[in-house]
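# Tertiary structure, described
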Amino acid sequence: MFSDIGALELVTLIVLAVLVFGPDKLPKVIQDVSRFIRKVREFSDSAKEDIRSELGPEFKDFEFEDLNPKTFIRKQLDGNEDLSELKELRSTFDLRKEMNDVADAVNGRETAPAPTPSPAAAPAAAPAAVNGSAPDLMKKQDKPAAPERPPYDSDAT
């Protein structure tokens, strides 16, 4: 529970506890806090046992830590030695291509040539056909030229 507290932090907490509660009341406060923590743990354990008994014998191996998605996935993947399907799926997924397809769909461009393009669709498809490929969305776009600033008028200010 307190595995990340160093020696200096622990000494600081003890000194603060002595200053706040005083050396006379500190043992009683420590007992009260430890009693409270013990009761919370007992309540939690009894609630877990009640849930396990209500679920029945099918869930006798059920662990509450499995409700954490990271733990559940790690447990499922560690038990499965054949991860070739996952590696194959990962290798077939191309994020850059997917991003370009989404951008083309949003901008109204077609990724594959249409069988019968209409005259109205030709201007929309023209930017993708300029260099023969879709624009790379992962590359930073060039900034447009800045508009010309009006001349400075010292009398107007």
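From a predicted model like this one, the values you see are computed outputs, not experimental measurements. (Residues numbered from 1 in each chain as written. Predicted model: local features only at pLDDT ≥ 70, side-chain atom pairs only at ≥ 80, totals over all residues. Heavy atoms only, no water.)

Helices and strands together make up the secondary structure of the protein, namely five helices and zero strands. Along the chain direction, N to C, the helices and strands of the protein fall in the order α-α-α-α-α. When each of the 157 residues of the protein is scored for burial, the buried share is 6%. Long-range pairs, those at least 24 residues apart, make up 33% of the contacts in the protein with a sequence separation of at least 6. For the protein, the accessible area works out to roughly 14400 Å², and carbon and sulfur atoms hold 61% of it. (Helix = DSSP H or I, 4+ residues; strand = E, 2+ residues; numbered from the N terminus. Buried < 20%, exposed > 50% of the residue type's maximum accessible area, 1.4 Å probe, protein only. Contact = heavy atoms within 4.5 Å. Areas by Shrake-Rupley, 256 points an atom, 1.4 Å probe, with all protein chains shown as cover.)

Our next topic: the environment of Val-29. Note on placement: Val-29 falls in helix α1 (residues 7-55). Each C-alpha atom of the pair Val-29 and Ala-17 lies 9.4 Å from the other, and the pair is 12 residues apart in sequence.

On the surface, a nonpolar cluster with roughly 380 Å² of combined accessible area is contributed by Val-11, Val-15, Leu-16 and Leu-19. Inspection of the secondary structure puts Val-11 in helix α1. We classify Val-11 as partly exposed; its relative accessible area is 49%. (Patch = residues over 30% accessible without salt bridge, like charges linked within 9 Å, V, L, I, M, F, W, Y side chains within 5 Å. Salt bridge = Lys/Arg side-chain N within 4 Å of Asp/Glu carboxyl O.)

In this section: the pattern of salt bridges. For the structure shown, the criterion picks out four salt bridges. We note a salt bridge from Asp-32 to Lys-28, for which the minimum N-O separation is 3.5 Å. Of this pair, Asp-32 and Lys-28 are both found in helix α1, four residues apart, which corresponds to roughly one turn of the helix. Salt bridges here are not isolated pairs; linked through shared partners, they connect Lys-28, Asp-32 and Arg-35.

Another aspect to go through is α1. With 49 residues, α1 should reach 72 Å at 1.5 Å per residue; the first-to-last C-alpha distance of 44 Å falls well below that figure. The largest bend in α1 is about 100°, located at Lys-25, with the proline Pro-27 one to four residues further on. Phi turns positive, to about 95°, at Gly-56, one or two residues after α1. (Expected span 1.5 Å × (residues − 1). Bend = angle between axes of the 7 residues up to and from the residue.)

A few words now on the confidence of the model for the protein. A residue-level look at the protein finds 75% of positions with pLDDT of 70 or above and a mean pLDDT of 76. When pLDDT is averaged over each helix and strand of the protein, the minimum, 46, is found for helix α5 (residues 122-129) and the maximum, 91, for α1. For residues 113-130, every residue scores under 50 in pLDDT, and the model assigns this stretch six contacts once sequence neighbours within four places are set aside. (pLDDT = per-residue confidence, 0-100.)

Further remarks concern helix α4 (residues 95-107). One turn of an α-helix holds 3.6 residues; hence residues three or four places apart share an orientation. Taking 1.5 Å per residue as the helical rise, α4 with its 13 residues ought to reach 18 Å, and the 18 Å between its terminal C-alpha atoms agrees with that figure. Within two residues after α4, Gly-108 carries a phi angle of roughly 85°, on the positive side.

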